[in-house]
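Here's the letter readout for the chains.
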Amino acid sequence: MNKRQRIALGAALAAVAVGGLTVTGSAANAQTTGTRTAGAQAADTQSVGRDSREVRANEAVVEAFMRDVLDGHHGDHAPKYLTADMKWHGGTVGTVAGRDNVTGLMTAVVTSLPDLHASVQDIFGQGDEVVVRLVVTGTQTGPLLGIPASGRAVRWDATDLYRLHNGRISEEWAAEDFTAFLADTGTYKAPWIP
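Keep in mind that this is a model prediction, so the values were computed, not measured. (Residues numbered from 1 in each chain as written. Predicted model: local features only at pLDDT ≥ 70, side-chain atom pairs only at ≥ 80, totals over all residues. Heavy atoms only, no water.)

Draft legend 1. Seen up close, the packing of aromatic side chains. What the rule picks out here adds up to 3 aromatic pairs. A ring pair is formed by phenylalanine 65 and tyrosine 81, whose centres lie 5.8 Å apart and whose planes are at 75°; its orientation type is edge-to-face. With a gap of 16 residues between them, phenylalanine 65 in helix 3 (residues 38-71) and tyrosine 81 in the loop between helix 3 and strand 1 (82-89) connect regions that are remote in the sequence. A single burial state applies to phenylalanine 65 and to tyrosine 81, both of which are buried. For the pair tryptophan 156 and phenylalanine 181, a centre-to-centre distance of 5.3 Å together with 85° between the ring planes defines the contact as edge-to-face. (Phe/Tyr/Trp six-rings, centres within 6.5 Å; stacked < 30°, edge-to-face > 60°. Helix = DSSP H or I, 4+ residues; strand = E, 2+ residues; numbered from the N terminus. Buried < 20%, exposed > 50% of the residue type's maximum accessible area, 1.4 Å probe, protein only.)

Draft legend 2. A look at the pattern of salt bridges. In the structure shown here, the tally under the stated rule is 5 salt bridges. The partner of glutamate 129 in a salt bridge is arginine 163, and the shortest N-O contact between them spans 2.6 Å. Highlighted residues: glutamate 129 in strand 4 (residues 129-139) and arginine 163 in strand 5 (residues 153-165), separated in sequence by 34 residues. Taking the relative accessible area as the measure of exposure, glutamate 129 reaches 10% and is therefore buried. For glutamate 171, the salt bridge is made with arginine 163, and the minimal N-O distance between the two is 3.1 Å. Owing to a relative accessible area of 26%, arginine 163 belongs among the partly exposed residues under this scheme. If you follow the salt bridges from partner to partner, you end up with Glu129, Arg163 and Glu171 in one network. (Salt bridge = Lys/Arg side-chain N within 4 Å of Asp/Glu carboxyl O.)

Below, the structure written as C-alpha cells:
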C-alpha cells in the first residue's frame, strides 16, 4: 500500500473515529449538472486548490510544532504555535485550557522525557483539522501526570487531532495509549499485556 492509499484509508477511518468528519475532495467537486457554467466549475477548482494549500499550511504548522516543541524539547516555544484560548483534550487525563497552561503541560512532558521523540507515521488534513498518527518514545527521568520518575524507557502509540485557526493550533484531542505508558513505567500492567 503506497502513502496516498494509506492516507486515504486513514482519512476514511478518521471519518468514522472522529464522528462526523467527512472526507471530500475532487470527486465531490467533479459531480456537475448540465446547468453549471464553466465559470462555476473553474471557481470550484480554484477553491479546491486554495483549500489544498490551506491544508498543507496547517499540516506544516503541526509538523513544526511537533519538531520544535516535542522533538526539540522546547516546551517554552509552544506559545508561538497556539492560540490564546487553546484547549488540549486528553481523554481521562482531562482538558487543559489556555495557551499558558498548555505550554506548562508541554514543558512538563519534554522535561520528564528529555529524549522524547515523536515519530510521525501518518499525517493528513481536511479544512482546519490535521490528524497525526505517531509513535512516541523516550526515557521517563522526571515525574509526569503524578507518576514518579522511573528511569525506564517508554513507548506508546498516539493519534492526535489538531484544529487550527488563523495558522495556529486552537485545539488538540490527544488519543494516547496511556496503558502502554503505565506499563512501561512499572506503574500498572494490564492483564492482557505480556
